[in-house]
Amino acid sequence: MSGAVFTMTGGRVRLDGKDVLKDIDLRVAPGDVLAVLGPNGSGKSTLIRALLGLVPMAAGRTEIYGSTPARFRDWKRVGYVPQRLTVGGGVPATVREVVASGRIARQSRFRPSSKADRAAVDRALAAVDLADRARDPAHRLSGGQQQRVLIARALAGEPDAFVMDEPTAGVDSASQAALAATLSRLTAEGRTVVLVAHELGPLEPLITRAVVLETGRVVHDGAPPQPEGACALPGHQHVHPHARDPETAAIASWDPT
Amino acid sequence: MIEILQFDFMRVALVLAVLMGLTAPAIGTFIVQRRLALLGDGIGHVALTGVGFGLLTSTSPILGAVVVSALGAVAIEVLRARSRTGGDVALALLFYGGLSGGVILTSLSSGNGSGLQAYLFGSIASVSRGDLYVVMGLAIAVLAIVVVFGRELFLLCQDEEVARASGLPVRFLSLLIAVTAAVTVVIAMRAIGLLLVSALMVVPVAAAQQLTRGFKSTMLVAMAIGVLSAVAGLVGSFEYSVPPGPSIVMFAMTVFVAAVLGGILMRRRGRPDDQKAEVTG
Ligand SMILES: Nc1ncnc2c1ncn2[C@@H]1O[C@H](COP(=O)(O)OP(=O)(O)OP(=O)(O)O)[C@@H](O)[C@H]1O
Ligand SMILES: [Mg+2]
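An unreviewed UniProt entry lists chain B under the name Metal ABC transporter permease, from Actinomadura alba. Per UniProt, chain B carries the Sequence similarities (unreviewed entry) text "Belongs to the ABC-3 integral membrane protein family."

Dropping the structure here:
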């Protein structure tokens, strides 16, 4: 129990009178890069929302850094990228405003944003290559760009653990490679990543462990599925940034501390 | 314009117009962002019962309205959070009950419904200096809440799940929005009337977002439009002897139409940074 980032034991989630998750036992250790895989409707999003205490559990227990979600106070240690098609809200908000809201768990109510806040937002914007769109309304960006805004919001909070629900859905391959480079930097510092994906793509070499869900049950927990010749895949080499490539040059300057 | 200021009630009313022009669009920006544009309408209907209660018991209608509309706002928020489907009908019942209760209580207290029109559509002369001090206090409280909790309210209205996963007290903040909206309704109720009060929360925001690109700028422009509409509408109401509520709302609507046209022109001409964005994006 000690030291785990997320611990779920005997987890069961019922939604609309239907068991969406059954008998889930899952322990995520610091430094893990865990991919949650499975077909549509298998319960991937529900699992990571339950890990964060966003859906109630019908049975079992789940803990974040040793506390139940209701008792957990150190929310600046986790960053969540929800599965969304677009950045929401009925009033326009600039890309920068949305990304800056990821700092909220680190800010105190009566103090204005600090220099450190602004610097972290700048780095997060650079990491997803949207620094030049910072002042545009987020809802006028393309779908994949909006997805990158949501990733930047989580990056801006500089959490110890990232929980990302399909962060690469709709994101082009250059940006996926950029995300992989960012995450490899972060995990090298011992940060933890739990991510849902259908196509691992350039993220694949980072993954240390995979959990496969099928109709609400874990059917595989262990080594990530290795497609043959994985190292020959074009995505593989993108993980190591080289400064000539403008997409990854932005990443080389990403420094989360 | 100058001679208007000779009348004491007009000076009081203009101060009130500035206060409600600032507060209603400020809280309205969060309400529109959360897609709850009708929340103010609901609270306005419920507040009428509070007014009727205050009149019947010969206590202050303002205090009655504050208490009842705050309770109504909490009820609306609880219904909204609890039920995704049945909440709709429950809200409607609350609106009808609030309006009917208010009309019955006011009629009982005055014997006829003559005072009612002033509460439904506003009245310039009805605001006493004593009322004004209460309203000033309420307005300062609303603006302080927007400043202190603004960042948290922004994330709540933008993305409730991420707000929860950031450790924000989501239930408390939701109630805070509802109660602050209720207080704003009471601030504006004397001058604009309970049936149109939420227009001042929504129309300036809708107008502002035609011209702006960010949340903060939308709020600030909406507050400017709110003050302009409230003051101009009040003066118009005095000049042409029409109730102030409809006059203020018609002025805000005019600004909205102008903003839509202005927004189209602005986009057609293309701002320099828009063009740059198209090249890189
Ligand atoms: N709020 C809800 N109420 C009722 N049922 C729900 C709710 N959310 C999800 N479900 C059901 O739970 C099951 C799992 O949903 P979930 O969103 O976790 O799937 P997923 O694995 O993330 O799928 P996808 O790959 O499409 O994102 C689905 O059958 C869905 O219908
Ligand atoms: Mg999902």
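**What to know about the packing of helix α3 (residues 115-127) of chain A against helix α4 (residues 143-156) of chain A**
Residue and element names in this part refer to chain A. Taken N-terminus to C-terminus, the directions of α3 and α4 make an angle of 145 degrees; their axes are 8 Å apart at the nearest point. By crossing handedness, the relation of α3 to α4 is classed as right-handed. Of α4, the residues touching α3 (which contributes A120, V121, A124 and A127) are A152, L155 and A156. By residue class, the composition of the contact of α3 with α4 is seven nonpolar, no polar and no charged.

**What to know about the interface of chain A and chain B**
Taken residue by residue, the interface counts 36 residues in chain A and 34 residues in chain B. Summed over both sides, the interface of chain A with chain B buries roughly 3000 Å², with 51% coming from carbon and sulfur. Area buried by chain A at its contact with chain B is led by V91(A), I104(A) and R109(A), which between them contribute 23% of it. Connecting chain A to chain B are five salt bridges. For E161(B), the salt bridge identified is with R49(A), shortest N-O distance 2.5 Å. For the pair chain A and chain B, the number of links is 16 residue pairs in polar contact (both at pLDDT 80 or more). Taken together, the elements giving at least two residues each to the side of chain A that touches chain B come down to β5 (78-81), α2 (95-100) and α4 of chain A. Broken down by class, the residue content of the side of chain A that touches chain B amounts to 15 nonpolar, 10 polar and 11 charged.

**Side note on empty space enclosed by the protein**
Scanning the model with the defined rule gives three cavities of 30 Å³ or more in all. The volume enclosed by the largest cavity comes to roughly 160 Å³. In this structure, the largest cavity is lined by 17 residues; those nearest its centre are V78(A), G79(A), Y80(A), G102(A) and S166(B). Put simply, the parts of the chain that give the lining of the largest cavity at least two residues each are β5 and α4 of chain A together with α7 (160-165) of chain B. When residues in the lining of the largest cavity are grouped by element, the largest group, three residues, is from β5(A).

**Focus on the sheet that holds strand β4 (residues 59-64) of chain A**
The pairing of strands in a sheet comes from backbone hydrogen bonds and takes either a parallel or an antiparallel form. Residue and element names in this part refer to chain A. Judged by pairing direction, the sheet is antiparallel, and its three strands sit side by side in the order β2-β1-β4 without closing on themselves. The sheet terminates laterally at β2 (18-28) and β4, the two strands that pair on one side only. Averaged over all neighbouring strand pairs, the angle between strand axes comes to 25 degrees, with direction disregarded. Direction of pairing for strand β1 (residues 6-15) relative to β2: antiparallel, over a ladder of seven bridges. Considered in β2, the bridge of G11 is made with I24. Packing of helix α1 (residues 44-51) onto the sheet brings it into contact with β1, β2 and β4, and relative to β1 it is tilted by some 120 degrees.

**Thoughts on the packing of aromatic side chains**
All names here are of chain A. Taken as a whole and assessed by the stated rule, the structure comprises eight aromatic pairs over all chains. Centre to centre, the rings of Y65 and F72 are 6.3 Å apart; their planes meet at 20 degrees, and the pair counts as stacked. One aromatic cluster is present, built from ring pairs that chain together Y65, F72 and W75. Over the ring of Y65 we find R77; its NZ or CZ atom is 3.7 Å from the centre of that ring.

**Concerning the coordination of the magnesium ion (ligand 2)**
For a metal bound by four donors in tetrahedral geometry, the ideal donor-metal-donor angle is 109.5 degrees, whereas six donors in octahedral geometry ideally sit at 90 or 180 degrees. Residue and element names in this part refer to chain A. In the first shell of the magnesium ion (ligand 2), the protein supplies S45 (OG) and Q83 (OE1), at 1.9 to 2.1 Å from the metal. With S45 in helix α1 and Q83 in the loop between β5 and α2, this residue pair connects regions lying 38 residues apart in the sequence. Taking relative accessible area as the criterion, Q83 reaches 41% and is therefore assigned partly exposed.

**Focus: the packing of helix α6 (residues 129-158) of chain B against helix α8 (residues 170-192) of chain B**
All names here are of chain B. It is the contact of α6 with α8, at a shortest axis distance of 9 Å, that shows an interaxial angle of 150 degrees. The angle between the axes of α6 and α8 places the two elements in the roughly antiparallel class. Judged by the twist between their axes, the crossing of α6 over α8 is left-handed. From α6, D131, V135, L138, A139, V142, I145, F149, E152, L153, L156 and C157 reach across to α8, where they touch V170, F172, L173, S174, L176, I177, T180, V183, T184, V186, I187 and R190. Classifying every residue of the contact of α6 with α8 by side-chain character gives 17 nonpolar, three polar and three charged.

**Notes on the sheet that holds strand β6 (residues 161-165) of chain A**
All names here are of chain A. Pairing within the open sheet is mixed, and its six strands lie in the order β5-β6-β7-β3-β8-β9. Both edges of this open sheet fall to β5 and β9 (217-222), since each of them pairs with a single strand only. Going across the sheet, the axis of each strand differs from the next one's by a mean of 15 degrees, ignoring polarity. By the bridge criterion, four bridges tie strand β3 (residues 33-37) to strand β7 (residues 192-196) in an arrangement that is parallel.

**Comments concerning the UniProt feature "transmembrane region" (unreviewed entry) in chain B**
Per the UniProt record, "transmembrane region" (unreviewed entry) is found at residues 12-31, 62-79, 91-112, 132-156, 168-185, 191-208, 220-242 and 248-266 of chain B. Split by type, residues 62-79 of chain B is 100% helix and 0% strand. Its first and last C-alpha atoms lie 25 Å apart.

**Here we look at the layout of surface pockets**
Looking at the second largest pocket, its volume works out to about 910 Å³. Together, 28 residues line the second largest pocket, and E97(A), S113(A), G150(B), R151(B) and K216(B) are the ones closest to its centre. Mapped onto the lining of the second largest pocket, the elements with two or more residues apiece are α2 and α3 of chain A together with α6 and α10 (215-240) of chain B. Among the elements that take part in the lining of the second largest pocket, α6(B) stands out by supplying seven residues, more than any other. Residue composition of the lining of the second largest pocket, grouped by class: 15 nonpolar, four polar and nine charged.

**A word on the site of ligand 1**
Residues and elements named next belong to chain A. Lining the immediate environment of ligand 1, one finds 15 residues, of which N40, G41, K44, S45 and T46 sit closest. Within the contact set of ligand 1, an oxygen atom lies 3.5 Å away from a side-chain nitrogen or oxygen of E166. Compared with its free state, where it exposes 640 Å², ligand 1 has 65% of that area covered by protein. Looking at the shell around ligand 1, the elements with two or more residues in it are β2 and α1. Examining the composition of the shell around ligand 1, we find that three residues originate from one element, α1, more than from any other.

**A short note on the nonpolar core**
In terms of nonpolar packing, the biggest core is built from 156 residues, with F6(A), L26(A), V99(A), L183(A), M20(B) and F30(B) touching the most fellow members. A per-element tally of this core places α8(B) first, with 15 residues. Here L183(A) is in contact with M164(A), V193(A), L195(A), L203(A) and L206(A), once residues within four sequence places are set aside.

What counts, and where the lines are drawn
Residues numbered from 1 in each chain as written. Chains lettered and ligands numbered in written order. Predicted model: local features only at pLDDT ≥ 70, side-chain atom pairs only at ≥ 80, totals over all residues. Heavy atoms only, no water. UniProt positions renumbered as here; feature names shortened; annotations may be inferred. Axes fitted to C-alpha atoms, helices over the stretch in contact; angles between N-to-C directions. Helix = DSSP H or I, 4+ residues; strand = E, 2+ residues; numbered from the N terminus. Left-handed = near helix turned anticlockwise from the far one by under 90°. Contact = heavy atoms within 4.5 Å. Nonpolar A, V, L, I, M, F, W, Y, C, P; charged D, E, K, R; others polar. Buried area = accessible area lost by both parts, 1.4 Å probe. Salt bridge = Lys/Arg side-chain N within 4 Å of Asp/Glu carboxyl O. Polar contact = N/O pair within 3.5 Å; in protein donor to acceptor, adjacent residues only side chain to side chain. 1 Å grid on protein atoms, 1.4 Å probe; cavity = no way out; pocket = protein on both sides within 12 Å on 5 of 7 lines; lining within 4 Å. Points joined across faces, edges and corners; volume = space filled by probe spheres on them. Pairing = 2+ DSSP bridges. Phe/Tyr/Trp six-rings, centres within 6.5 Å; stacked < 30°, edge-to-face > 60°. Lys NZ or Arg CZ within 6 Å of the ring centre and 35° of its normal. Donors = N, O, S within 2.8 Å, 3.2 Å for Na, K, Ca; no water. Buried < 20%, exposed > 50% of the residue type's maximum accessible area, 1.4 Å probe, protein only. Parallel < 35°, antiparallel > 145°, perpendicular 65-115°, else oblique. Near = heavy atom within 4 Å. Areas by Shrake-Rupley, 256 points an atom, 1.4 Å probe, with all protein chains shown as cover. Core = buried A, V, L, I, M, F, W, Y, C linked by side-chain atoms within 4.5 Å.

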